[in-house]
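# Architecture and fold: a report
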Amino acid sequence: MPIDSIEGLAKRIVLSVQDYAILTGRAILNIFQRPRYFADLIVQADSIGIGSVPIVLLTGFFTGGVLALQSASSLAQFGATAITGELVSLSMIKELGPVLTSLMVSGRNASGMASELGSMMVTEQIDAMRALGTDPLKKLVTPRLFATVFMLFFLTILSDTVGTLGGAVISVFMLGQDGSQYFHTAYQTLRFPDIIQGLVKPVVFGFIIATVGCFYGMTTRGGTQGVGRSTTQAVVVSSVLIIAVDLVISQFMIGVFGR
Amino acid sequence: MEVREDPAQPVLVFDDVSIGFEGKQVLRNISLTVSTGETRILLGPAGSGKSVLLKLANGLMRPDSGRITVFDEEINSMREEQLFELRQRIGMVFQESALFDSLTVRDNVGYRLMEQKVPEGEVTDRVTEALRFVELEQTLNKFPSQLSGGMRRRVAIARAIITKPDLILYDSPTGGLDPITSTTIIELVMKQRDVYRTSSLLVTHRLQDAFTLATHTFDRAQNHMVPIPNDGLDSKTTFLVLHDGHIVFDGSTHDLVHSDDPFLKEYLS
């Protein structure tokens, strides 16, 4: 019956949110309990962070370049090409750096986490871990969570830097603008609230990527098909959540700081 | 013929245990006991809930109703941290081995020891000893993907026995293996039963392997299994049969084979 299935769907959603909240809460609290798997955290930081550097560099560089390119014609109408640096810098640091970096890392790592943990679930490796006296949340989820949050913070800074540089390259070599003016306006325009906004976002987005990826991984059922489903859902849900939460954070920050 | 000894201290007790998933009742009012030194073989067709029963015994799942007691401690409402302590005395061999594929055989078998921060040298020694039991010492530095199915199963047994557990749970240890490899695995189960006298609960749907276990004994001098003389049966090996979520038989090999129950006669034929 249609009404039963809506009720069933609502119950499943609420149950999923509850399970997600429990997993997330325990994963955070685990850092305060022994044993702590510091070696696993380093391995994950290397895999998630260092492993994502190439795509973050490329994404950042081309995004900054495209921003400069696309804004050139509009700004020229007002004779305001001098503020290209300001525009690229603010857009990258407040918005595009955090969001695009997080979306790239989500595509690469939320899927990786979901597929790795999902494969372990369907081959009973998670049960084997529990049978051998190891808490899978402490061993697998907590290191991934803290590694993602920590590394995404620095990846975003990298992306912002490379993005500003990309804008500079396009402005100077393609649009014939003055390089020192570009960097001068890029730096001058920044205020403390902009930086704060640009650095709070990656922390929150990193949290979303890791918790959503691990949640779908740890709740995988149904063999290889299930792993495929979990992987896809992890990327889709984390990407959509990043964009939605971005709006919330932006609104909150603008409300608090005024810009 | 076999002689039943007096029941010893129970190692594992299920008392009226039931569990269901997604509206379907998998196990209903299950009551069984595994005594010290006993090997209980749980027979049942594929999909009858045998793996679920084993996971309940190890606290990996919680029953909907009933009590499960392991080493005199009630586990059905225990927290996971408390269960970790108890699981040090329980070894479990999973259906598809469940080896960690990113770790070598040495790290797989020594996993529990490494978690307990045992020194590396001692880990290697104890892993080598466990692998010697399953005759796979040469695979120390290999990865599970480089091993055959039978070898992976033997490594899984080594991983389960390395801490000399008081109870071993085997989940279809010969499932998916050819007859010759299955015999090798059953021989290892027999060796553990006869040499170390470990209590165990073995679930399987392979009648042939179950009866081999009941009718043979491990000869240490010859280092392989031999039939028990005079068509004898191992006195410490008894059977349970699971059907439609219920235990429909609980007794000796002799009683099972000579049962008049129509379902059992059909199942064994």
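Just so it is clear, the model here is predicted, and its values are computed rather than measured.

### A closer look at the overall build of chain A
When helices and strands are tallied, chain A shows nine helices and zero strands. Starting at the N terminus, the α and β elements of chain A follow one another as α-α-α-α-α-α-α-α-α. Along the first, second and third principal axes, the C-alpha atoms of chain A reach 65 × 50 × 35 Å. Sorting the 259 residues of chain A into buried and exposed places 43% on the buried side.

### Thoughts on the overall build of chain B
For chain B, the count of helices and strands is 10 helices and 12 strands. Taking 18 Å as the expected radius of gyration for a compact globule of 269 residues, we find that chain B reaches 18 Å, a close match to that expectation. For the C-alpha atoms alone, the extent of chain B along its principal axes is close to 55 × 45 × 35 Å. Put simply, chain B has 269 residues, and 42% of those count as buried. Of the contacts formed within chain B by residues at least 6 apart in sequence, a portion of 64% connects residues at least 24 apart.

### Focus on the interface of chain B and chain A
Every contact between the two is made by 15 residues of chain B and, on the other side, 11 residues of chain A. Residue assignment for the side of chain B that touches chain A shows that the elements contributing at least two residues are helix H2 (80-86) and helix H4 (111-115) of chain B. Ranked by residue count, the leading element in the side of chain B that touches chain A is H4(B), at three residues. By residue class, the composition of the side of chain B that touches chain A is seven nonpolar, two polar and six charged.

### Some words on the sheet that holds strand E1 (residues 10-21) of chain B
Residue and element names in this part refer to chain B. Here we have four strands laid out as an open sheet, ordered E2-E1-E4-E5, and antiparallel in their pairing. Each end of this open sheet is capped by a strand with a single partner; those strands are strand E2 (24-35) and strand E5 (73-74). With two bridges connecting them, strand E4 (residues 65-70) and E5 associate as antiparallel partners. Residue Thr-69 lies in a different strand from E5, and its bridge partner there is Glu-74.

### Some details on the sheet that holds strand E3 (residues 39-43) of chain B
All names here are of chain B. Here we have six strands laid out as an open sheet, ordered E6-E7-E8-E3-E11-E12, and mixed in their pairing. Taken across any chain shown, the strands that pair with only one partner, and hence form the sheet edges, are strand E6 (90-93) and strand E12 (246-252). On average, adjacent strands in this sheet sit at an angle of 15 degrees to one another, irrespective of strand direction. Both strand E7 (residues 167-171) and strand E8 (residues 199-204) contribute to a ladder of five bridges, which runs parallel. Residue pairing across strands places Ile-168 opposite Ser-200, the latter belonging to E8. Contacting E3, E7, E8 and strand E11 (237-243), helix H1 (residues 50-57) crosses the sheet at an angle of about 155 degrees to E8. In the packing of helix H6 (residues 149-161) onto the sheet, the strands contacted are E6 and E7, and the crossing angle to E6 comes to about 170 degrees.

### A closer look at the nonpolar core
All names here are of chain B. Judged by nonpolar contacts, the single largest core of 71 residues is most densely connected at Leu-42, Leu-53, Ala-57, Ala-158, Leu-169 and Leu-201. A total of seven residues in this core trace back to one element, the largest contributor, which is H6. The contact partners of Leu-201, leaving out residues within four places of it in the chain, are Leu-12, Val-34, Arg-40, Leu-42, Leu-54, Ala-57 and Leu-169.

### Let's talk about the packing of helix H4 (residues 84-122) of chain A against helix H7 (residues 179-188) of chain A
Residues and elements named next belong to chain A. At their nearest, the axes of H4 and H7 sit 7 Å apart, and the two run at 45 degrees to each other. By the angle between their axes, H4 is oblique relative to H7. Our pair here, H4 against H7, has a crossing hand that is right-handed. Residue-level inspection shows Thr-84, Gly-85, Glu-86, Val-88 and Ser-89 of H4 in contact with H7, the latter providing Gln-181, Tyr-182, Phe-183, Thr-185 and Ala-186. Of the residues belonging to the contact of H4 with H7, the class tally is four nonpolar, five polar and one charged.

### Some points on the pairing of E12(B)
All names here are of chain B. As defined by bridge partners, E11 adjoins E12 across six bridges and the pair is classed as antiparallel. Counted as the bridge partner of Leu-240 is Asp-250 from E12. Between E11 and E12, which pair antiparallel in sequence order, lie two residues; one of them, Asp-244, sits at a positive phi of approximately 55 degrees.

### Re the pairing of strand E9 (residues 216-219) of chain B
Note that E9(B) and strand E10 (residues 224-227) of chain B share four bridges and pair antiparallel. Across the sheet, the residue bridging to B:Phe218 is B:Met225, located in E10(B).

### Some thoughts on unusual backbone geometry
Residue A:Pro35 follows A:Arg34 across a cis peptide bond; omega there is -5 degrees. Tracing the backbone shows A:Pro35 in the loop between helix H1 (2-29) and helix H2 (38-48). The phi torsion at B:Ser97 lies on the positive side, around 75 degrees, for a residue other than glycine. Examined against the element boundaries, B:Ser97 turns out to sit in the loop between E6 and helix H3 (105-109). A positive phi angle is found at B:Asp244, which is not glycine, with a value near 55 degrees. Along the polypeptide, B:Asp244 turns up in the loop between E11 and E12. B:Asp244 sits in the exposed class, given 12 other C-beta atoms within 10 Å.

### Examining the packing of helix H3 (residues 53-77) of chain A against H4(A)
Residues and elements named next belong to chain A. For the pair H3 and H4, the least separation of the axes is 9 Å and the interaxial angle reads 145 degrees. Helix-helix and strand crossings are classified by hand; for H3 and H4 the assignment is right-handed. Across the interface between the two elements, Ile-55, Val-56, Thr-59, Gly-60, Thr-63, Gly-64, Leu-67, Ala-68, Ser-71, Ala-72 and Leu-75 of H3 pack against Thr-84, Leu-87, Val-88, Ser-91, Met-92, Leu-96, Gly-97, Leu-100, Thr-101, Met-104 and Arg-108 of H4.

### A few points about the environment of B:Tyr196
The topology assignment puts B:Tyr196 in the loop between helix H7 (179-195) and E8. Between the alpha carbons of B:Tyr196 and B:Asp64 there is a distance of 35 Å; along the sequence they are 132 residues apart.

### A short note on the environment of A:Ala234
Residues and elements named next belong to chain A. For Ala-234, the position within the fold is in helix H9 (residues 223-257). Counting along the chain gives 199 residues from Ala-234 to Pro-35, while the straight-line C-alpha distance between them is 28 Å. When neighbours within four sequence positions are excluded, Ala-234 is seen to be in contact with Ala-110, Ser-111, Met-113, Ala-114, Val-212, Gly-213 and Tyr-216.

Cut-off values and rules
Residues numbered from 1 in each chain as written. Chains lettered and ligands numbered in written order. Predicted model: local features only at pLDDT ≥ 70, side-chain atom pairs only at ≥ 80, totals over all residues. Helix = DSSP H or I, 4+ residues; strand = E, 2+ residues; numbered from the N terminus. Buried ≥ 20, exposed ≤ 12 C-beta atoms within 10 Å, placed from the backbone. Rg over C-alpha atoms; globule rule 2.2 N^0.38 Å. Contact = placed C-beta atoms within 7 Å. Nonpolar A, V, L, I, M, F, W, Y, C, P; charged D, E, K, R; others polar. Pairing = 2+ DSSP bridges. Axes fitted to C-alpha atoms, helices over the stretch in contact; angles between N-to-C directions. Core = buried A, V, L, I, M, F, W, Y, C linked by C-beta atoms within 7 Å. Parallel < 35°, antiparallel > 145°, perpendicular 65-115°, else oblique. Left-handed = near helix turned anticlockwise from the far one by under 90°.

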